[in-house]
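In case you want the letters, here they are:
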Amino acid sequence: MCENLGTRVGLGKLIHLPLPAIRKVKNGFDEFEKYMREWIRDARANKDKMDESLKLGRRRDLLALLLNSDLSEQEILADVFILLLAGHEVSRFLLSILP
């Protein structure tokens, strides 16, 4: 997973270098992946409850919509990472233009 995410954020083969900063990034990717896989598995285990909440209009989050699609766990994980990164970039930009 880390290799895929590293490539997506422009690290490419640098992710394998034994530098402390690179190791820290790789560890961050690995922790993120572990957390998200647990989150996805928990949500899938409670899919019946989630489906009922969606029908009643009580649940309108991105994870629920992704889980109701035909995406694999890896595809959902990649989508969530990209959306998280995009949200960070938008927030960073907006904060940079504040007076």
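Residues numbered from 1 in each chain as written. Predicted model: local features only at pLDDT ≥ 70, side-chain atom pairs only at ≥ 80, totals over all residues. Heavy atoms only, no water.

1. Here we look at the overall build of the chain
And step 1. Within the chain, the secondary structure is distributed over 5 helices and 0 strands.
And step 2. Counting the 99 residues in the chain, one finds 25% classified as buried.
And step 3. Accessible surface, the chain as shown: approximately 7200 Å² in total, 59% of it carbon and sulfur. (Helix = DSSP H or I, 4+ residues; strand = E, 2+ residues; numbered from the N terminus. Buried < 20%, exposed > 50% of the residue type's maximum accessible area, 1.4 Å probe, protein only. Areas by Shrake-Rupley, 256 points an atom, 1.4 Å probe, with all protein chains shown as cover.)

2. Quick word on the pattern of salt bridges
Side chains that carry opposite charge are capable of pairing whenever their charged atoms lie near each other.
And step 1. The tally for this structure, following the rule as stated, stands at 5 salt bridges.
And step 2. A salt bridge links Glu73 to Arg37; its shortest N-O distance comes to 2.4 Å. In this pair, Glu73 is assigned in helix H5 (residues 73-96) and Arg37 in helix H2 (residues 20-45), connecting sequence segments 36 residues apart. For the pair Glu73 and Arg37, a shared accessibility class is recorded, and that class is buried.
And step 3. In this structure, Arg41 and Glu73 form a salt bridge, with 3.2 Å as the shortest nitrogen-oxygen distance. Within this pair, whereas Arg41 is found in helix H2, its partner Glu73 is found in helix H5, the two being separated by 32 residues in sequence.
And step 4. On the accessibility criterion, Arg41 (48% relative accessible area) is partly exposed.
And step 5. Note on Glu73: relative accessible area 15%, which makes it buried.
And step 6. Because the salt bridges share partners, they merge into one network encompassing Glu33, Arg37, Arg41 and Glu73. (Salt bridge = Lys/Arg side-chain N within 4 Å of Asp/Glu carboxyl O.)

3. Points about the nonpolar core
And step 1. Counting residues in each nonpolar core, the largest one holds 13 residues, and the members touching the most others are Phe32, Ile40, Leu63, Leu67, Ile76 and Val80.
And step 2. If you list the elements that add at least two residues to this core, you get H2, helix H4 (62-67) and H5.
And step 3. Of all the elements, H2 adds the most residues to this core, at 5 residues.
And step 4. In contact with Leu63, not counting residues within four places along its chain, are Trp39, Ile40, Ala43 and Ile76. (Core = buried A, V, L, I, M, F, W, Y, C linked by side-chain atoms within 4.5 Å. Contact = heavy atoms within 4.5 Å.)

4. Comments concerning the confidence of the model for the chain
And step 1. Confidence along the chain averages 78 in pLDDT terms, with 77% of residues attaining 70 or more.
And step 2. Mean pLDDT in the chain bottoms out at helix H1 (residues 2-8), which sits at 49, and peaks at H5, which reaches 88. (pLDDT = per-residue confidence, 0-100.)

5. Quick look at the packing of aromatic side chains
And step 1. Taken as a whole and assessed by the stated rule, the structure comprises 2 aromatic pairs.
And step 2. With a centroid separation of 5.7 Å and 75° between ring planes, the pair formed by Phe29 and Phe81 is classed as edge-to-face. Placement of Phe29 in helix H2 and of Phe81 in helix H5 is noted, with a sequence separation of 52 residues between them. In this pair, the class of Phe29 matches that of Phe81, namely buried.
And step 3. Grouping aromatic residues by their ring pairs yields a cluster made of Phe29, Phe32 and Phe81. (Phe/Tyr/Trp six-rings, centres within 6.5 Å; stacked < 30°, edge-to-face > 60°.)

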